[in-house]
Amino acid sequence: MRFAGRRALVTGASQGIGSATVTRLIEEGAEVWALARNRERLDALAAATGCTPCPVDLSDRGAIEAFLDAAPPCDLLVNCAGLVHVEPFVDTDLARVDETLQVNTVAPLRLAQRLARGWIEQGTPGVIVNVSSIASTVGTPGHAAYCASKAGLDALTRVMAIELGPHGIRVNSVNPVVTLTPMAEKAWADPDKAAGMKARIPLGRFVESEEVAATIAYLLSSDAAMVHGVCLDVDGGFKAG
């Protein structure tokens, strides 16, 4: 029970990697506050796991501030919420770019800011894991806004690690290849496109949400006590070639 007596805040919790992470952390003893927009899915997750459902729209900065003003202290933060709009670069809609950056980059920054301030003031350690993507460093057709948002998130991870490390706060990101989530199904629905991507992965398949959740749990735990400022690829060898 690596997380007994610890409280975690997990965003994007209603499905995919976020849901798997909530389940994994609770199995290992954590109390989890689960954030997402979809109240129905959150309630189902709460019924299945015992997490505390927190319906919050991370595209709404006011909603983030309202949640943070009312949120209890926590020890662990997993910024997992993600948004993708698939469209050619020349047709990329700027409103969608703004929305993608808000959910994928700005919301993690704000959540981490507020929690880190509390940890520093109280002199207590904390751990942050940002869920990024190999798209932060690999150009992916149709994913201009998404790639930019994840590159920004990795840059934030490095800056946060340098500035927060002296306060005993560890920060890392986990960077999966295509993961079998509802968002990925939307982006990789074309069988030919999916087959081409799998052919570039030495292990020959996409990642399961539970595999990413296991990596997140490791980074949050004391087993990773000296892992800090790392953008950890979970990609089946995709970037080894």
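Values in this document were obtained by computation on a predicted structure and should not be read as measured data.

Caption draft 1: Structural detail: the side chain of Asp154. Tracing the backbone shows Asp154 in helix H5 (residues 144-164). For Asp154, which is buried and forms no salt bridge, the nearest opposite charge comes from Arg158, at a distance of 4.9 Å. Within polar-contact distance, the side chain of Asp154 engages the side chain of Ser136 at 2.6 Å. With residues near it in sequence (within four places) discarded, Asp154 still touches Ser132, Ser136, Ser173, Asn175 and Cys231.

Caption draft 2: Fine view of helix H3 (residues 61-70). If you check which residues of H3 are buried, you get Ile64, Phe67 and Leu68. Looking down the long axis of H3, one finds its buried residues gathered within 95 degrees of arc, a one-sided arrangement. Turned more than 90 degrees away from the buried face of H3 sit Asp69 and Ala70, all of them exposed. Its side-chain oxygen 2.9 Å from the backbone nitrogen of Gly62, Asp60 forms the N-cap of H3.

Caption draft 3: Here's a closer look at the packing of helix H4 (residues 94-122) against H5. Orientation of H4 relative to H5, taken along the N-to-C sense of each, is 15 degrees, at an axis distance of 8 Å. Between H4 and H5, the crossing angle belongs to the class labelled roughly parallel. Here H4 runs over H5; the crossing is right-handed. Residues Val97, Thr100, Leu101, Asn104, Thr105, Pro108, Leu109, Ala112, Ala116 and Ile120 of H4 lie in contact with H5, whose contacting residues are Ala145, Tyr146, Ala148, Ser149, Lys150, Gly152, Leu153, Leu156, Met160 and Leu164. Looking at the contact of H4 with H5, its residues break down into 14 nonpolar, five polar and one charged.

Cut-off values and rules
- Residues numbered from 1 in each chain as written.
- Predicted model: local features only at pLDDT ≥ 70, side-chain atom pairs only at ≥ 80, totals over all residues.
- Heavy atoms only, no water.
- Helix = DSSP H or I, 4+ residues; strand = E, 2+ residues; numbered from the N terminus.
- Buried < 20%, exposed > 50% of the residue type's maximum accessible area, 1.4 Å probe, protein only.
- Lys, Arg positive; Asp, Glu negative; His and termini not counted.
- Salt bridge = Lys/Arg side-chain N within 4 Å of Asp/Glu carboxyl O.
- Polar contact = N/O pair within 3.5 Å; in protein donor to acceptor, adjacent residues only side chain to side chain.
- Contact = heavy atoms within 4.5 Å.
- Arc of directions from axis to C-beta.
- Axes fitted to C-alpha atoms, helices over the stretch in contact; angles between N-to-C directions.
- Parallel < 35°, antiparallel > 145°, perpendicular 65-115°, else oblique.
- Left-handed = near helix turned anticlockwise from the far one by under 90°.
- Nonpolar A, V, L, I, M, F, W, Y, C, P; charged D, E, K, R; others polar.

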